[in-house]
Amino acid sequence: MDQQTYDRGREIRTEVLGSAYVANAEHGDDFSKPFQDLVTEYCWGAVWGRDGLSHKIRSMLNLAMIATLNRPNELRTHVKGALTNGVTRDEIREVFMQVAIYAGVPAAVDSFRIAREVFVEYEKQQ
């Protein structure tokens, strides 16, 4: 593990998803801990830590890909992260409209439903 990349990844992951989420992920069991370390180092450090795209754009890309892959738990997490990164509700809607055309209406229907739930939760925390 490259400690500098891991540390940068942990910093970004915490900024986007919150310290409680990261602490919960890090305090997993022996089975999942190596996977969480990999996610922190490579996803958040090596990729999210690059300068080529803003965190806002990376969030928008994640929303489209995760919606297309039909991963509702990850989508919930990343809708919240997108809001944290400054993606507006209107922009989230537009991402899911694009998903409807290129990945299918059912994927977009579920994504809209999940986003509405996250918006309510997010507002309660603000």
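Residue numbers restart at each chain and count upward from 1, following the sequence in its written direction. Predicted model: local features are reported for residues with pLDDT of at least 70 only, side-chain atom pairs are reported and counted for 80 or more only, and whole-chain, interface and lining totals are derived from all residues. Processing note: side-chain calculations cover all non-hydrogen atoms of the structure and skip hydrogens and water entirely.

Draft legend 1. Local environment of the environment of E117. Take E117: it is sitting in helix α7 (residues 105-125). C-alpha separation for the pair E117 and G49, spaced 68 residues apart in sequence, amounts to 29 Å. Helix and strand definitions here come from DSSP, where helices need a minimum of 4 consecutive H or I residues and strands a minimum of 2 consecutive E residues; each element is numbered from the N-terminal end.

Draft legend 2. View of the packing of helix α1 (residues 3-17) against helix α2 (residues 19-26). To get an axis, a line is fitted to the C-alpha atoms, and for a helix only the part in contact is used. The angle between two axes follows their N-to-C directions and goes from 0 to 180 degrees. Put simply, α1 and α2 touch, their axes get as near as 7 Å, and they point 130° apart. The orientation of α1 with respect to α2, classified from their angle, is oblique. Residues Y6, R10, R13, T14 and L17 of α1 form the contact with α2, whose participating residues are S19, Y21, V22, A25 and E26. The residue inventory of the contact of α1 with α2, partitioned by class, reads five nonpolar, two polar and three charged. Angular relationships are summarised with four words: roughly parallel below 35 degrees, roughly antiparallel beyond 145, roughly perpendicular across 65 to 115, and oblique for the angles in between. Contact criterion: two residues are considered in contact whenever any of their non-hydrogen atoms come within 4.5 Å of each other. Gly is put with the polar residues, along with every residue not named as nonpolar or charged; the nonpolar set is Ala, Val, Leu, Ile, Met, Phe, Trp, Tyr, Cys and Pro, and the charged set is Asp, Glu, Lys and Arg.

Draft legend 3. Expanded view of helix α3 (residues 33-47). Its 15 residues give α3 an end-to-end C-alpha distance of 20 Å, which sits within 8% of 21 Å, the value for a rise of 1.5 Å per residue. Among the residues of α3, Q36, D37, V39, T40, E41, W44 and G45 are the ones counted as buried. Buried positions along α3 lie against α1, α2 and α5 (72-84). Expected span of a helix: the number of residues minus one, times 1.5 Å. Accessible area is worked out with a 1.4 Å probe on protein chains only. A residue is then buried under 20% of its type maximum, exposed over 50%, and partly exposed in between.

Draft legend 4. Examining the packing of aromatic side chains more closely. Pairing of aromatic side chains requires ring centres within 6.5 Å, counting the rings of Phe and Tyr and the six-membered ring of Trp. Pairs whose planes differ by under 30 degrees are stacked, by over 60 edge-to-face, and all others tilted. Per the counting criterion, the structure on display carries two aromatic pairs. Taken together, a centroid distance of 5.8 Å and an interplanar angle of 65° make the contact between F96 and F112 edge-to-face. Highlighted residues: F96 in helix α6 (residues 89-103) and F112 in helix α7, separated in sequence by 16 residues.

Draft legend 5. Up close: the side chain of R13. Along the chain, R13 falls in helix α1. With sequence-adjacent residues up to four places away left out, R13 is seen in contact with G18, Y21, V22, A25, Q36, V39, T40 and W44.

Draft legend 6. Structural view of the UniProt feature "domain: Carboxymuconolactone decarboxylase-like" (unreviewed entry) in the protein chain. UniProt positions are given in the numbering used here, feature names are shortened, and annotations may be inferred rather than shown by experiment. Under the feature "domain: Carboxymuconolactone decarboxylase-like" (unreviewed entry), the UniProt entry names residues 35-117. Measuring from the first to the last C-alpha atom of residues 35-117 gives 28 Å, for a span that is 82% helix and 0% strand.

Draft legend 7. Broad picture of the nonpolar core. Grouped together as the largest cluster of nonpolar side chains are 20 residues, with contacts concentrated most on L63, L75, V79, L83, I92 and F96. Elements supplying a minimum of two residues to this core: α4 (55-68), α5, α6 and α7. Here the element with the most residues in this core is α7; it accounts for seven residues. Here I92 is in contact with L63, V79, A82, L83, V87, A115 and F119, once residues within four sequence places are set aside. Grouping buried Ala, Val, Leu, Ile, Met, Phe, Trp, Tyr and Cys residues that are joined through side-chain atoms within 4.5 Å yields what is termed a nonpolar core. The next biggest cluster of nonpolar side chains, apart from the first, holds six residues, and it includes I12, V16, V39 and W44.

Draft legend 8. Here's a closer look at the pattern of salt bridges. Any Lys or Arg side-chain nitrogen located within 4 Å of an Asp or Glu carboxyl oxygen qualifies as a salt bridge. Counted according to the given criterion, the structure contains eight salt bridges. Across the salt bridge formed by K33 and D37, the nearest N and O atoms sit 2.7 Å from each other. Here the residue K33 and the residue D37 both occupy positions in helix α3, the gap between them amounting to four residues, near one helical turn. Exposure remark for D37: the relative accessible area of 16% places this residue in the buried category.

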